Structure formats: C-alpha cells, structure tokens
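# Understanding the architecture of this molecule
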Amino acid sequence: MRLLALIAVSLFSGSALAQGTYSTVWEPVCTLGANAQAGCEDIRAREILDASTAPWRAIGRVNFASQSQRSHCTGVLVSERHVLTAAHCLYNGARKRWIPPASMRFAAGYQRGEYSEFSFVEDYRLAPDQGQDGAFDNRANRDWAVLTLQDPIGQKVGYLPLVKPEAQPTFVAGYPGLRPHVLSRTPECVHRPLTKDVLRAICPVMMGDSGAPLLVQTETGLAVAGILSRIAPTPQGIDAMFLSVDLFAVTAQ
C-alpha cells in the first residue's frame, strides 16, 4: 500500500507542459531524481531518437487543444487506426469532464514541429468501469485508453505489436515535458509486478511521457509490454507505474 500512496503525481499538466517551459509543476521530478543534486539531468540524459524513422515513427504525441488549455501526452500505434495512451490524459480535471475526441489529434513520428503522419481522433474507448457518471476513476488498472483515428496512418508509418511483459529488459520512449518536441528513450528500466496487471520500475520519466509505451526488443522487433500511467519522485529515482497490455490487448485489436 505504501507504493500506491507514493505514486500520487499525475503526469498530466497544462500549457507549461505543451510549451516546454520550466515550471514549478516539475519541481517534484526535478529535485528528487536518482541524484537529488542533478535535478532533471536524468531526463535530459535520455537518448534522442529520430522519430521520422521506423520503428520510432509508430510513437507520437497525442495533442489536446481548447480555448483554455493546450497540452500533450504520448501515444503508440498498435494497429492501423488504434493508439494506446493513458486515460487521465483525456480527462480535464479542472472542469471535471472528459475531453471530446474532436479536440484531440495524433501526430505520429512528431519531431520539432513536424510529423510523419497526422490524424484527427474519431473516438476513444476506456476501461469498462472508467468514466461512469462522467468522473475519472483513479484506480490504477483503469488508467488506459484506446484512441480510434479517423485515418489508418498505421498503414504508412507502421505500428507495434503487443507482448506480455516477462522478465526481459524494457525501456520507455516518449515526449517528456523538458523536451516535448523530440522523442527520447530512457535507459533500461527494470520492471517488476505490483499486481497482476500493474508493473513498477525506477525509470527517468515525467509529465508528457504519460501513455508512453514500455518497450521490449523481441526477435522480430520492438513490441509494447505496457503503457506509463503515473509516477512518484523518490530519493531512489522516479518510481513509475505501468499498465500491462493484458488489460487492453483485446480492445486494441
């Protein structure tokens, strides 16, 4: 139960996140990383990827825009028209309502203002018990969403298969708030199960990485073992919670 209490920092933030400007919102992450004196250096040290090339272009930014808010999360194509991301990204906590699909866009292979392919979001599906009465259910295994795109852009940029998380090396690729305009990957993040469907790992991730895939290198290429849900800064590093693909493998097909 102590871990669940620690993992209390949402990865979803507002306009400062979208613009990549340093904000006090990030202070819990930037002051309690693997080295308290290094600030956000663990995030800055992540390897920058060429998002315009395969297989990285299957990962992209899920962008949200309204008159009062501009923000982003990370998503990954798992079929020609389906993108996995975190459910909390789709919820406007200030207004206590779900963001309509019409306000969402997915930019595959996003990199410094450009992208490989782009699509509007047609619809999205949540966990069966998520979003009842219009509220956000904060239980860990409810924090996932499958976006359905208007266009089958996965035909052009490719998409990643799902794989059950085993005891293999994993890492994360996403768009952290400190570098929201480039795709970057973490070093290996050693994961272990918290519950049947929830994994945890010490991993340099932060706001903006929400929904980012936990990736495995298989014999046939990269595969998605889970998605990033939430974090808790600790003196040992960023304690990250991931949702296993076992939760949404059927829905994503």
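The structure this text deals with has already been given above.
Since this is a predicted model, take the numbers as computed values, not measurements. (Residues numbered from 1 in each chain as written. Predicted model: local features only at pLDDT ≥ 70, side-chain atom pairs only at ≥ 80, totals over all residues. Heavy atoms only, no water.)

A few words now on the sheet that holds strand β8 (residues 117-126). With respect to topology, 6 strands assemble into a closed barrel ordered β2-β3-β4-β9-β8-β7, the strand pairing being antiparallel. Strand-to-strand twist across the sheet, computed as the mean angle between neighbouring axes with direction ignored, equals 40°. When strand β7 (residues 104-108) meets β8, the two strands line up antiparallel, connected through 4 bridges. By the bridge assignment for β8, Ala-108 is matched with Glu-117. (Pairing = 2+ DSSP bridges. Helix = DSSP H or I, 4+ residues; strand = E, 2+ residues; numbered from the N terminus. Axes fitted to C-alpha atoms, helices over the stretch in contact; angles between N-to-C directions.)

A few words now on the state of the cysteines. Summed over all chains, the structure comprises 2 disulfides. A sulfur-sulfur distance of 2.0 Å marks the disulfide that ties Cys-73 to Cys-89. With the S-S dihedral at roughly -90°, the linkage between Cys-73 and Cys-89 falls on the left-handed side. Remark: Cys-89 occurs in the loop between β4 (82-85) and β5 (91-92) and Cys-73 occurs in strand β3 (residues 70-77); sequence separation between them is 16 residues. Among the residues examined, Cys-73 registers a relative accessible area of 0% and is labelled buried. Note that Cys-189 is cross-linked by a disulfide to Cys-203, the S-S spacing being 1.8 Å. Taking the sign of the S-S torsion, about 50° here, the bridge from Cys-189 to Cys-203 comes out right-handed. Placement of the pair is Cys-189 in the loop between β11 (184-185) and β12 (191-193) and Cys-203 in the loop between β13 (198-202) and β14 (213-218), with a sequence separation of 14 residues. (Disulfide = S-S within 2.5 Å. Buried < 20%, exposed > 50% of the residue type's maximum accessible area, 1.4 Å probe, protein only.)

Another aspect to go through is unusual backbone geometry. A cis amide bond links Ala-54 to the next residue, Pro-55, at an omega of 0°. Structurally, Pro-55 can be placed in the loop between β1 (47-48) and β2 (59-65). Phi angles above zero are rare outside glycine, and Lys-96 is one such case at about 55°. Structurally, Lys-96 is set in the loop between β5 and β6 (97-98). When its relative accessible area of 62% is taken as the criterion, Lys-96 is described as exposed. Positive phi values are uncommon outside glycine, yet Arg-112 reaches one of about 50°. Looking at the secondary structure, you find Arg-112 in the loop between β7 and β8. Given a relative accessible area of 57%, Arg-112 falls into the exposed group.

Another point: the sheet that holds strand β15 (residues 221-234). Adjacent strands of a sheet form backbone hydrogen bonds with each other and so pair up, either parallel or antiparallel. Read across the sheet, 8 strands follow the order β1-β11-β10-β14-β15-β16-β13-β12 without closing on themselves; strand pairing throughout is antiparallel. Across the chains shown, the open sheet's two edge strands, defined by having one partner strand only, are β1 and β12. By the bridge criterion, 8 bridges tie β15 to strand β16 (residues 237-244) in an arrangement that is antiparallel. The partner of Thr-234 across the bridge, within β16, is Gly-237.

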